[in-house]
Amino acid sequence: LDVVDTADTRVFHAGTAFDQDNVVTAGGRVLCVTALGHGVAAAQQQAYAGVAKIHWQDAYYRTDIAYRAVAREKHQN
């Protein structure tokens, strides 16, 4: 997870635990990846780039994060 945590991308833990030196899922929605960008669409892309660096068996993530805000931003421009 350290590779995801950068100056403009952060990972917040909710349902995680430590198993020796490893972060493991403790059930439910376990991580939140957030990012900054020059606009909502850029921040969304940066966050999903961080998500792509996280792997474990049977992991899944939402693909609709900020879609309304991205649509609003495109409409305004």
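Going by the structure above, here's the rest.
So, how was this worked out
Residues numbered from 1 in each chain as written. Predicted model: local features only at pLDDT ≥ 70, side-chain atom pairs only at ≥ 80, totals over all residues. Heavy atoms only, no water. Helix = DSSP H or I, 4+ residues; strand = E, 2+ residues; numbered from the N terminus. Expected span 1.5 Å × (residues − 1). Buried < 20%, exposed > 50% of the residue type's maximum accessible area, 1.4 Å probe, protein only. Contact = heavy atoms within 4.5 Å. Axes fitted to C-alpha atoms, helices over the stretch in contact; angles between N-to-C directions. Nonpolar A, V, L, I, M, F, W, Y, C, P; charged D, E, K, R; others polar. Phe/Tyr/Trp six-rings, centres within 6.5 Å; stacked < 30°, edge-to-face > 60°. Core = buried A, V, L, I, M, F, W, Y, C linked by side-chain atoms within 4.5 Å. Polar contact = N/O pair within 3.5 Å; in protein donor to acceptor, adjacent residues only side chain to side chain. Pairing = 2+ DSSP bridges.

With respect to helix H1 (residues 40-51)
Here's step 1: For H1, built from 12 residues, the straight-helix expectation of 16 Å at 1.5 Å per residue is met to within 8% by its first-to-last C-alpha distance of 16 Å.
Here's step 2: Inspection of H1 places Ala41, Ala43, Gln44, Ala47, Gly50 and Val51 among the buried residues, and these make up the whole buried set.
Here's step 3: Those residues of H1 that are buried are in contact with strand S4 (31-35) and helix H2 (67-76).

Side note on the packing of H1 against H2
Here's step 1: Here H1 crosses H2 at 145°, and the two axes come no closer than 8 Å. Residue-level contacts link Val40, Ala41 and Gln44 of H1 to Tyr67, Ala69, Val70 and Glu73 of H2.
Here's step 2: Broken down by class, the residue content of the contact of H1 with H2 amounts to 5 nonpolar, 1 polar and 1 charged.

Re the packing of aromatic side chains
Here's step 1: One pass over the full model with this rule turns up 1 aromatic pair.
Here's step 2: Seen in terms of ring centroids, tyrosine 48 and tyrosine 61 are 6.0 Å apart; in terms of plane orientation they differ by 45°. Their pairing is tilted. Of the two residues, tyrosine 48 sits in helix H1 while tyrosine 61 sits in the loop between H1 and H2, which places them 13 residues apart along the sequence.

Let's talk about the nonpolar core
Burial of nonpolar side chains together is a common tendency in soluble globular proteins.
Here's step 1: One finds Val4, Val11, Val33, Ala47, Val51 and Ile54 forming the largest nonpolar core, which totals 6 residues.
Here's step 2: Discounting residues that sit within four places of it in the chain, isoleucine 54 has contacts with Leu1, Val4, Leu31 and Val33.

A few points about the environment of threonine 6
Here's step 1: Mapped onto the elements, threonine 6 comes out in the segment before strand S1 (9-13).
Here's step 2: Given the relative accessible area of 29%, threonine 6 is considered partly exposed.
Here's step 3: Between the C-alpha atoms of threonine 6 and glycine 50, which are 44 residues apart in sequence, the distance is 9.3 Å.
Here's step 4: Polar side-chain contacts of threonine 6 include one of 3.1 Å to the side chain of aspartate 8.

Description of the pairing of strand S3 (residues 22-25)
Consecutive side chains along a regular strand alternate between the two faces of the sheet.
Here's step 1: Here strand S2 (residues 16-19) pairs with S3 via 4 bridges, running antiparallel. What sits directly across from phenylalanine 18, in S3, is valine 23.

This is a description of form; function is not addressed.
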